[in-house]
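Chain by chain, the residues:
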Amino acid sequence: MGDDTEGSAAAPGSTPARPGRWTAADIASLAGVSVVAALLRLMFVEQWSFGPVEAETWRVVTSPAPGGAGVQDAASHPFYYLLLRELLERGVLAGTTEGWLRLPSAFAGCLLVPLVALAARPRLGRAPATLAAVIVAVHPGCVAASQTASPAVFAAVFAVLAGALAGKRWRLLAVVSLVLAGGCHPLGWSAALGMMLAATAPAWIERAPRAAALALVAVALFYEHLRRQGVLQIDE
């Protein structure tokens, strides 16, 4: 464990040292956290009625015609709905009830836990990466999201995967993950791109003035204000 990068600071503009190899203890602890995440996400997954976002998902995947209710709105990010349709047609999902439609999201939420560790470890080290995985596994918000039939769950998984692949310098696969994230949800484009930039830390980001970051924060706050006022709406 002593060869890990945690606690060491890299010089500005330099590439951080490669973290130590995964040990049996690392893999066992991550597997244990993933099991806990799976149990939490599968617990009572079918016990409540569809929410508004899930009702939209149900309308899209059960619409018999390409132009049916909700389908046109989902045309810009169809991957998640196409996946559900395929699973339903092949009988992998036995029905369109609450539990069955939420099952793919629960599975995706389980995958998110080890992916977070894989994405965080090269930049932060073993301990912070494991802590991040634990937080994602047990956080009530993450559990609730994973129990929701929403395309945003799959977009988050592909976004983190894009960051993990970019950190390994597997650029082509990272770009594929970025496209999949954006194809699941519009916010997946920015989330995946942000994860890729965070994983690779290109020199131009480190040289960017702080004023640029403050400007982005100002734009984000203004955008959120417009959303709360009902001027802008995000299709969830």
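What you are looking at is a predicted structure, and each value in this text was computed from that prediction instead of being measured.

Some thoughts on the packing of aromatic side chains
In the structure shown here, the tally under the stated rule is two aromatic pairs. The interplanar angle of 70 degrees and the centroid separation of 5.4 Å between the aromatic rings of Tyr80 and Tyr81 together place this pair among those described as edge-to-face. The buried category is assigned to Tyr81, whose relative accessible area is 5%. Geometrically, the ring pair formed by Tyr80 and Phe154 is tilted, given 5.4 Å between the ring centres and 50 degrees between the ring planes. Residue Tyr80 is found in helix H3 (residues 79–89), and its partner Phe154 is found in helix H7 (residues 151–167); the two are separated by 74 residues along the sequence. No difference in accessibility class separates Tyr80 from Phe154, as the two residues are buried. Here the aromatic cluster, defined as three or more aromatic residues joined through ring pairs, consists of Tyr80, Tyr81 and Phe154. Geometry around Trp22 places Arg121 over its ring, the cationic atom sitting 4.3 Å from the centre.

Looking at unusual backbone geometry
If you check the backbone angles, Phe44 has positive phi at about 60 degrees while not being a glycine. Note that Phe44 resides in the loop between helix H1 (24–42) and helix H2 (52–62). Accessibility expressed as a relative area gives 53% for Phe44, which makes it exposed.

What to know about the pattern of salt bridges
Counting across every chain of the model gives four salt bridges. For Arg59, the salt bridge goes to Glu56, with nearest N and O atoms at 2.2 Å. With a gap of three residues between them, Arg59 and Glu56 both fall in helix H2, about one helical turn apart. The exposure class of Glu56 is buried, given its relative accessible area of 17%. Between Glu86 and Arg90 there is a salt bridge whose closest N-O contact spans 2.4 Å. Assessed through its relative accessible area of 33%, Glu86 is described here as partly exposed.

Topic: a nonpolar patch on the surface
On the surface, Val36, Leu131, Val134, Ile135 and Val138 cluster together to form a nonpolar patch covering roughly 390 Å² of accessible area. With four residues, the top contributor of residues to the nonpolar patch is helix H5 (residues 126–138). Summarising the element assignment, Val36 is placed in helix H1. Here Val36 falls in the partly exposed class, since its relative accessible area comes to 38%.

Rules used throughout
- Residues numbered from 1 in each chain as written.
- Predicted model: local features only at pLDDT ≥ 70, side-chain atom pairs only at ≥ 80, totals over all residues.
- Heavy atoms only, no water.
- Phe/Tyr/Trp six-rings, centres within 6.5 Å; stacked < 30°, edge-to-face > 60°.
- Buried < 20%, exposed > 50% of the residue type's maximum accessible area, 1.4 Å probe, protein only.
- Helix = DSSP H or I, 4+ residues; strand = E, 2+ residues; numbered from the N terminus.
- Lys NZ or Arg CZ within 6 Å of the ring centre and 35° of its normal.
- Salt bridge = Lys/Arg side-chain N within 4 Å of Asp/Glu carboxyl O.
- Patch = residues over 30% accessible without salt bridge, like charges linked within 9 Å, V, L, I, M, F, W, Y side chains within 5 Å.
- Areas by Shrake-Rupley, 256 points an atom, 1.4 Å probe, with all protein chains shown as cover.

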